[in-house]
Amino acid sequence: MASRFIPRTTFPYDRVINWFPGHMARGLRLISERLNSVDLVVEVRDARIPLSSVNPNFEKVVGRRPRLIVYNKFDLADQSTKAPITAAFAKHAPMTPVVFTSCQTDNNIKEILNHAAKLADPIPQVTLMVVGMPNVGKSSLINSLRRVGVGKGKAAATGAQPGITRTVIGTVKVLEDPTVYLVDTPGVMVPHIADPVRSLKVALTGGIRDHLSDEQTMADYLLFRLNEFGAYDYAKWFKLPDDQPTNNVDDLLKGVAKRIGAVVKGGEYDMTMAAKFFLKHYRTGKLGQFTLDDVSPEALETFFEHQKMYATTNANPSTLSRRQEKKVAKLEQRKNSRRAAKEEE
């Protein structure tokens, strides 16, 4: 029985996966250039890896600009992680609001729009910029905001592979009254992830192209984590011997290959195809809801000690920045010009 099964306690892995195409470096520069025209930065993270999906480079670029953190794909994560993460932000970054979303159901999308709408007083028009690492669901979030806010369809291309959005696009309207526009940006990876296991987590959740991190290695790590969580249902689904869990990824992948008919010439099993199927099962939530990062109070305390977040200006949205003052003055000038033109008529 599974009760006699003893899972592995360690996963030796020392390979660092780096993936930083040229368009990502350009994207970071463009984000920096466009920030002056932005009222709120919406930073999207993956709720399955709430700490590993943080790009420290955004901290340097965004600085003290008002920001909202969105933990997307929460429908695929361990639901019990919301409370400790929320508590940690309340303690370490109380001026930075946090929202947990699922773009499959548009869950909590209205919270983001409501927060943006508050910034529209006294400014009659608000511009958001969405940033985040690859494949955290930025484009899906934009489409959800547009669907909920203005009742319209897709405004951004989505895909299972990272790197779909390659340039900073034009503004997209996501709310009519007050007027809220949004700027999409390409996913920007950390140029160098020093921790090999962290890079593996990012790859497993789709942030790095699969072939760069090796599908069978990712399947092995996923097997290790499922066993660690006591999630042994895969043994029945893939008809492993006696429905027993295993620590051997080859045994698992043979079971998957049999199940899906992944056999090549000569009767050999296609282990790579089997690994891809196993990974897809995880990424679509069919293996369960799991959070791969440690979000215990102690781990979050350590994270915030190292991830020094700038104090933002979200505390008092009624206080205008110099840029916002110019924006209000320009809009007032336009009104006066139109009024004067009518009077002349």
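Just so it is clear, the structure is predicted and the values come from calculations on it, not from any experiment.

**Considering the overall build of the protein**
So, step 1. When you go through the protein residue by residue, the secondary structure sums to 13 helices and 6 strands.
So, step 2. In the protein, which comprises 345 residues, the share counted as buried stands at 48%.
So, step 3. Considering only contacts within the protein whose residues lie at least 6 apart along the sequence, 75% involve residues at least 24 apart.
So, step 4. Element-wise, carbon and sulfur atoms account for 50% of the exposed surface of the protein, whose accessible area totals about 16700 Å².

**A look at the packing of helix H10 (residues 249-260) against helix H11 (residues 271-283)**
So, step 1. It is the contact of H10 with H11, at a shortest axis distance of 8 Å, that shows an interaxial angle of 85°. Here H10 lies roughly perpendicular to H11, going by the angle between them. Judged by residue contacts, Asp250, Leu252, Leu253, Lys254, Val256, Ala257 and Ile260 of H10 engage Met271, Met273, Ala274, Ala275, Phe277 and Phe278 from H11.
So, step 2. Residues of the contact of H10 with H11, tallied by class, amount to 11 nonpolar, no polar and 2 charged.

**Concerning the nonpolar core**
So, step 1. Of all hydrophobic cores here, the largest spans 62 residues; its most connected members are Val42 and Leu141.
So, step 2. Examining the composition of this core, we find that 7 residues originate from one element, helix H8 (residues 215-229), more than from any other.
So, step 3. Mapping this core onto the domain boundaries places at least three of its residues in each of domain 1 (22-191 + 294-314) and domain 2 (196-284).
So, step 4. Those residues in contact with Val42 that sit more than four places away from it in its chain are Leu68, Val70, Leu128, Met129, Val130, Val131 and Leu141.
So, step 5. The next biggest cluster of nonpolar side chains, apart from the first, holds 16 residues, and it includes Leu51, Ala77, Val295 and Phe303.

**Overview of the side chain of Thr101**
So, step 1. With respect to the helices, strands and loops of the structure, Thr101 is situated in the loop between strand E3 (98-100) and helix H4 (109-118).
So, step 2. You can call Thr101 buried: its relative accessible area is 0%.

**Quick notes on the UniProt feature "binding site: GTP" (unreviewed entry) in the protein**
So, step 1. As annotated by UniProt and renumbered to match this structure, "binding site: GTP" (unreviewed entry) occupies Asn72, Lys73, Phe74, Asp75, Asn135, Val136, Gly137, Lys138, Ser139, Ser140 and Gly187.
So, step 2. Along the chain, the position of Val136 falls in the loop between strand E4 (125-132) and helix H5 (138-150).
So, step 3. If we skip the residues at most four places from it in the chain, Val136 touches Val44, Arg45, Asp46, Ser53, Asn72 and Lys73.
So, step 4. Secondary-structure assignment places Lys138 in helix H5.
So, step 5. One polar contact links the side chain of Lys138 to the main-chain carbonyl oxygen of Met133, over a distance of 3.4 Å.

Definitions and limits used
Residues numbered from 1 in each chain as written. Predicted model: local features only at pLDDT ≥ 70, side-chain atom pairs only at ≥ 80, totals over all residues. Heavy atoms only, no water. Helix = DSSP H or I, 4+ residues; strand = E, 2+ residues; numbered from the N terminus. Buried < 20%, exposed > 50% of the residue type's maximum accessible area, 1.4 Å probe, protein only. Contact = heavy atoms within 4.5 Å. Areas by Shrake-Rupley, 256 points an atom, 1.4 Å probe, with all protein chains shown as cover. Axes fitted to C-alpha atoms, helices over the stretch in contact; angles between N-to-C directions. Parallel < 35°, antiparallel > 145°, perpendicular 65-115°, else oblique. Nonpolar A, V, L, I, M, F, W, Y, C, P; charged D, E, K, R; others polar. Core = buried A, V, L, I, M, F, W, Y, C linked by side-chain atoms within 4.5 Å. Domains from an automatic or database assignment. UniProt positions renumbered as here; feature names shortened; annotations may be inferred. Polar contact = N/O pair within 3.5 Å; in protein donor to acceptor, adjacent residues only side chain to side chain.

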